[in-house]
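# Report on the structure
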Amino acid sequence: MSILLAASLLLKALAIPLLARVAWVDFSTQKITNRDVLLLLCLGLGSLQLLSVQAGSWWDMGLSAIAAFTLFIVLFPLWAMRKVGAGDVKLMAVTPLLIGGSNLAVFSLLLLGFAGVIVILVRNPFLLPAGLFRQYVQHLDRKGVVPFGVPISTAAICTIAFQIYVSLMVATSSGILQQLN
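Notes on the structure in this doc start here. (Residues numbered from 1 in each chain as written. Predicted model: local features only at pLDDT ≥ 70, side-chain atom pairs only at ≥ 80, totals over all residues. Heavy atoms only, no water.)

Turning our attention to helix 4 (residues 86-99). Here helix 4 spans 20 Å end to end across 14 residues, near enough to the 20 Å set by a 1.5 Å rise per residue. Of all the 14 residues making up helix 4, 12 are buried; the element is thus mostly covered by neighbouring parts of the structure. Buried within helix 4 we find Gly87, Asp88, Val89, Leu91, Met92, Ala93, Val94, Thr95, Pro96, Leu97, Leu98 and Ile99. (Helix = DSSP H or I, 4+ residues; strand = E, 2+ residues; numbered from the N terminus. Expected span 1.5 Å × (residues − 1). Buried < 20%, exposed > 50% of the residue type's maximum accessible area, 1.4 Å probe, protein only.)

Mapped onto the elements, alanine 7 comes out in helix 1 (residues 3-29). Separated by 90 residues in sequence, alanine 7 and leucine 97 have C-alpha atoms that sit 16 Å apart.

This next bit is on the packing of helix 1 against helix 4. Helix 4 packs onto helix 1 with a crossing angle of 165° between their chain directions and a minimal axis gap of 13 Å. Comparing the axis directions of helix 1 and helix 4 gives the class roughly antiparallel. Crossing hand, helix 1 versus helix 4: left-handed. Of the residues in helix 4, those in contact with Lys12, Ala15, Leu19, Val22 and Asp26 of helix 1 are Asp88, Leu91, Leu98 and Ile99. Of the residues in the contact of helix 1 with helix 4, the class split is 6 nonpolar, no polar and 3 charged. (Axes fitted to C-alpha atoms, helices over the stretch in contact; angles between N-to-C directions. Parallel < 35°, antiparallel > 145°, perpendicular 65-115°, else oblique. Left-handed = near helix turned anticlockwise from the far one by under 90°. Contact = heavy atoms within 4.5 Å. Nonpolar A, V, L, I, M, F, W, Y, C, P; charged D, E, K, R; others polar.)

Turning our eyes to something else, we now look at a nonpolar patch on the surface. On the surface, a cluster of nonpolar side chains totalling about 550 Å² of accessible area is made up of Phe162, Tyr165, Val166, Leu168, Met169 and Val170. Turning to its location among the elements, methionine 169 is positioned in helix 7 (residues 149-180). (Patch = residues over 30% accessible without salt bridge, like charges linked within 9 Å, V, L, I, M, F, W, Y side chains within 5 Å. Areas by Shrake-Rupley, 256 points an atom, 1.4 Å probe, with all protein chains shown as cover. Salt bridge = Lys/Arg side-chain N within 4 Å of Asp/Glu carboxyl O.)

Across the interface, helix 3 (residues 59-80) lies against helix 4 with an axial gap of 7 Å and an inter-helix angle of 165°. Judged by the inter-axis angle, helix 3 sits roughly antiparallel to helix 4. The element helix 3 and its partner helix 4 pack so that their crossing is right-handed. Where helix 3 abuts helix 4, its residues Ser64, Ala65, Ala67, Ala68, Leu71, Phe72, Leu75, Phe76 and Trp79 lie against Ala86, Val89, Met92, Ala93, Pro96 and Leu97. Per-class residue counts for the contact of helix 3 with helix 4 are 14 nonpolar, 1 polar and no charged.

On to the pattern of salt bridges. Under the defined criterion, the tally for this structure stands at 2 salt bridges. In this structure, the salt-bridge partner of arginine 21 is aspartate 36, at a minimum N-O distance of 2.6 Å. Of the two residues, arginine 21 sits in helix 1 while aspartate 36 sits in helix 2 (residues 34-55), which places them 15 residues apart along the sequence. On the basis of relative accessible area, arginine 21 is assigned to the partly exposed category, the value being 36%. Taking the relative accessible area as the measure of exposure, aspartate 36 reaches 2% and is therefore buried. The salt bridge partner of aspartate 36 is arginine 35, with a shortest N-O separation of 3.5 Å. Classification of arginine 35 as partly exposed rests on a relative accessible area of 48%.

This part is about the packing of aromatic side chains. Across all of its chains, the model carries 3 aromatic pairs by this definition. Consider the rings of phenylalanine 72 and phenylalanine 76, whose centres lie 5.6 Å apart with planes at 40°: the pair is tilted. Within this pair, phenylalanine 72 and its partner phenylalanine 76 are both found in helix 3, separated by 4 residues, close to a single helical turn. Residue classification places phenylalanine 72 among the partly exposed positions, given a relative accessible area of 33%. Ring centres of phenylalanine 76 and tryptophan 79 lie 5.3 Å apart, and the angle between their planes is 40°; on these two criteria the pair is classed as tilted. With phenylalanine 76 and tryptophan 79 both in helix 3 and 3 residues apart, the pair spans about one turn of that helix. Taken together, the ring pairs connect Phe72, Phe76 and Trp79 into an aromatic cluster. (Phe/Tyr/Trp six-rings, centres within 6.5 Å; stacked < 30°, edge-to-face > 60°.)

Take a look at the structure:
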C-alpha cells in the first residue's frame, strides 16, 4: 500500500467519528453546523487530492465535484420551500467529495435504504419499543421534521468503511501475490 493511499484512507477514517457526531447532533437538535460540514469538506478534498495524485488522474475528483455541485443545485430549491434543512443540503453537497465519485452508487443505495427506514420510523413510531426514544420520534412526527443528517451520515460511514475494507483487502492480496512470485 502506498503512502498516498494510506494517508487518504486515514483522512477518510477521521471523517467517521465526525459523521457520527453530525448524525447524533442532527437527531437530537435538528441542526448540522457549518463547522462540521467544513471539516468534512476539508477531509474529503484532502483525500481526493491524495488519490488523484497517486492515480495520476483527476477523473474521480472531477466526478465528485460535478456530483456535489449538482446535488447543491437540486436540493437548494427544496430548502427554499422549507422541505429540507440547510444543513442537510450542505451535508449532501459535501458527501460526494468525501466518499469520491467512484463510490456514489454504493452511497446512493445505502442512503436510499437508511432514509426509508428513518422516514418509516418517524411516520410510524408505534413500530419502536415504548420509552423515551419512541416519545422523541413521536415529537418529531408532530413537528413534521425528519433528521435527514442521520441517514446521510450513516450511509457515508458505511461507504467509507466499505472503501477502507476493499483497499485493505486489495493491498493484502497484492502483497500475497508478490510474495508468491
